[in-house]
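One letter stands for each residue in the lines below.
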Amino acid sequence: MGKIKEYTNGDVTVVWEPEKCIHSAICAKGLPEVFKPKERPWVKIDAASTDAIVNKIKECPSGALSYYMNAEGDKTADTLETKIEVLKNGPLLVYGTLKVTHKDGASEIKNKTTAFCRCGASSNKPYCDGAHIKEGFEG
């Protein structure tokens, strides 16, 4: 497992797993006062409400950003409606808890948002690694 960073405002903790990021910039474009990729630390956790931060994290296509509520017994981050979204010229996003079985028979559980490659150029198949941008994928 790669490095993980956490940022908390006392109410919610944002978890950042940089190795999963496909650089969609949904976070930075949607909540620029919180997500500032050119600054360090890049997450300004106190710059918006907990609800605004949580709602933006739920849109992260790679799962590089996740969250958990700090209150004991609050399992909000554990529940997410299962749905599928096709991003224009990008990956297939599946929201929810999934069991992914690979071609070698190995399986893993993916939580929250999983981005599956549609362009065929990912070096991390079946997952998206952002290669569709360089490839000029349209779909």
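Above this text sits the structure in question.
What counts, and where the lines are drawn
- Residues numbered from 1 in each chain as written.
- Predicted model: local features only at pLDDT ≥ 70, side-chain atom pairs only at ≥ 80, totals over all residues.
- Heavy atoms only, no water.
- Helix = DSSP H or I, 4+ residues; strand = E, 2+ residues; numbered from the N terminus.
- Rg over C-alpha atoms; globule rule 2.2 N^0.38 Å.
- Buried < 20%, exposed > 50% of the residue type's maximum accessible area, 1.4 Å probe, protein only.
- Areas by Shrake-Rupley, 256 points an atom, 1.4 Å probe, with all protein chains shown as cover.
- Lys, Arg positive; Asp, Glu negative; His and termini not counted.
- Charge placed at Lys NZ, Arg CZ, Asp CG, Glu CD.
- Phe/Tyr/Trp six-rings, centres within 6.5 Å; stacked < 30°, edge-to-face > 60°.
- Lys NZ or Arg CZ within 6 Å of the ring centre and 35° of its normal.

Caption draft 1: Molecular detail of the overall build of the protein chain. In terms of helices and strands, the protein chain carries 3 helices and 8 strands. Written out in order from the N terminus, the α and β elements of the protein chain read β-β-α-α-β-β-β-β-β-β-α. For 139 residues, the compact-globule formula gives about 14 Å, and the C-alpha radius of gyration of the protein chain, at 15 Å, lands near that figure. The principal-axis extents of the C-alpha atoms in the protein chain amount to approximately 40 × 35 × 25 Å. The 139 residues of the protein chain split such that 37% are buried. When the accessible area of the protein chain is evaluated, it comes to approximately 8300 Å², of which 49% is carbon and sulfur surface. Of the side-chain charges in the protein chain, 20 are positive and 19 negative, and the distance between the mean point of each set is 6 Å.

Caption draft 2: Quick peek at the environment of Gly96. Structurally, the position occupied by Gly96 is in the loop between β5 (92-95) and β6 (98-101). The class of Gly96 is buried, set by a relative accessible area of 1%.

Caption draft 3: Expanded view of the packing of aromatic side chains. Under the criterion given, the structure shown has 3 aromatic pairs. With centroids separated by 4.8 Å and ring planes inclined at 65°, the aromatic side chains of Trp16 and Trp42 adopt a geometry described as edge-to-face. On the criterion of sequence distance, the pair formed by Trp16 in strand β2 (residues 12-16) and Trp42 in the loop between α1 (26-30) and α2 (50-57) is long-range, its members being 26 residues apart. Taken as a pair, Trp16 and Trp42 share a single burial class, namely buried. With a centroid separation of 5.6 Å and an interplanar angle of 45°, the aromatic rings of Phe35 and Trp42 are classed as tilted. Neither residue differs from the other here; Phe35 and Trp42 are each classed as buried. The structure contains a cluster of three or more aromatic residues connected by ring pairs, namely Trp16, Phe35 and Trp42. Positioned above the aromatic ring of Tyr95 is the side chain of Lys83, whose terminal nitrogen or guanidinium carbon lies 5.0 Å from the ring centre. Positioned above the aromatic ring of Tyr127, the side-chain terminus of Lys110 is 4.5 Å from the ring centre.

None of this, on its own, says anything about what the molecule does.
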